[in-house]
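# Survey of secondary and tertiary structure
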Amino acid sequence: LWSYNNGQIVSNGNGLKYFQESDPQNLRPFLVRLVNCENVTIRDVHLLESANWTLHLLGCRDVNLDGIVIENGVDSNRDGLDIDCCQRVTVSNSRFSTGDDAIVLKASSDVLCQDIVITNCNIRTRASAIKTGTESNGGFKNVTISNCTIKDLPRHAGIELMTVDGGTMQNILIENITMENVATP
C-alpha cells in the first residue's frame, strides 16, 4: 500500500500479516528490492512494516538515500536497510526504528561492498544498529559512519563489525557517534 502523507511517500508492507503466513523469511516478500541498479536516488520515503528486509540493495552502484524513514515493529529477520555487494552508496538524514538490524552491510558474493557513507542518521532497534556481515564473502572497504545517534538497544551492539565468511575489512572510519541505553557499544 503506497500513499502520500505530509510531503512524504509512505509504503506499508503489511508485514505482520505476511510474517504470520510465511516462515521461514525467504518466503516472505521484501518491501523494496533493487538489483544491479545504477544512479539511484531515494528521498523522503517512509517504509513501514516489511514482511522481510525492508530495503535491499543488491549489486547497486551510485545510490543516494536521503531522508528515508524505516519502521518495523517486530524482530525475526526484518532488517531495515541491507546494502549487499554495492559500491558508492550514501545514506544520510534518515531514521530507523526496527526490531531486527537497522543498517546491514553485506557481501553475499565475492564482490566488495565499498565506498559506503552513513551519516546523520537516528537509529533505534532491538538488534544491531549498524552491522557488517554476517554475509561477508567479498568483504568491506572504505566505509564511513559519522554523526549518528543510536538509542535503546537492549541486546545487541550499536556498531558490529564482522567478516565471518572470509572477506576483508579495510579503511573503516567511525566518528562522532552518540549512543544511549545500548547494551554493547
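Our subject is the structure listed above.
Counting starts from 1 at the beginning of each chain's written sequence and moves along it residue by residue. Local features are withheld for residues below a pLDDT of 70 in this predicted model, meaning they are given only at 70 or higher, and side-chain atom pairs are given and counted only at 80 or more; totals for whole chains, interfaces and linings count all residues. To obtain the side-chain values, all non-hydrogen atoms of the structure were used and water was disregarded.

Before going further, it helps to examine the side chain of Ser136. Relative to the helices and strands, Ser136 is located in strand β15 (residues 130-136). For the purposes of these results, a polar contact is taken to be a pair of N or O atoms within 3.5 Å, where, inside protein, one atom must be able to donate a hydrogen and its partner to accept one; residues adjacent in sequence count only when each atom of the pair is a side-chain atom. There is a polar contact of 2.9 Å between the side chain of Ser136 and the backbone nitrogen of Val164. Contact definition: two residues touch when any of their heavy atoms are within 4.5 Å. Those residues in contact with Ser136 that lie beyond four places of it in its chain are Ala107, Met162, Thr163, Val164, Asp165, Gly166 and Gly167. Under the DSSP-based scheme used, a helix requires at least four consecutive residues in state H or I and a strand at least two consecutive residues in state E, with every element numbered from the N terminus.

This part takes up the side chain of His56. One can find His56 in strand β6 (residues 55-58). Filtering out sequence-adjacent residues up to four positions away, His56 remains in contact with Phe30, Val32, Arg33, Leu34, Asp82 and Asp84.

Along the chain, the position of Leu65 falls in strand β7 (residues 61-66). Separated by 51 residues in the primary sequence, Leu65 and Asn14 have C-alpha atoms spaced 23 Å apart. Residues contacting Leu65, with those up to four places away along its chain left out, are Ile42, Leu55, Leu57, Leu81, Thr90, Val91, Ser92 and Ser94.

Moving on to the pairing of β6. If a strand is regular, its side chains alternate between the two faces of the sheet. Bridge count between strand β3 (residues 32-35) and β6: 4 bridges; the pairing is parallel. Looking at the pairing, Arg33 lines up with His56 of β6. DSSP calls a pair of strands paired once it identifies at least 2 bridges connecting them.

Within a sheet, neighbouring strands are paired by backbone hydrogen bonds and run either parallel or antiparallel to one another. The sheet built from 6 strands is open, its strands ordered β3-β6-β9-β12-β15-β17 with parallel pairing. Edge positions in the open sheet fall to β3 and β17 (159-160), since each of these has one partner strand only. Pairing geometry for β15 and β17, over 2 bridges, is parallel. Bridge pairing in β17 links Lys131 to Glu160.

This brings us to unusual backbone geometry. Put simply, Gly133 and Thr134 share a cis peptide bond, and its omega is 0 degrees. We note that Asn147 has phi near 55 degrees; this positive angle belongs to a residue other than glycine. Here Asn147 is to be found in strand β16 (residues 139-157). The exposure class assigned to Asn147 is partly exposed, which follows from its relative accessible area of 34%. A positive phi angle, close to 55 degrees, is found at Asn176, a residue other than glycine. Along the chain, the position of Asn176 falls in strand β18 (residues 168-184). Only protein chains enter the accessibility calculation, which uses a 1.4 Å probe; a residue is then buried when its area is under 20% of its type maximum, exposed when over 50%, and partly exposed in between. We classify Asn176 as exposed; its relative accessible area is 54%.

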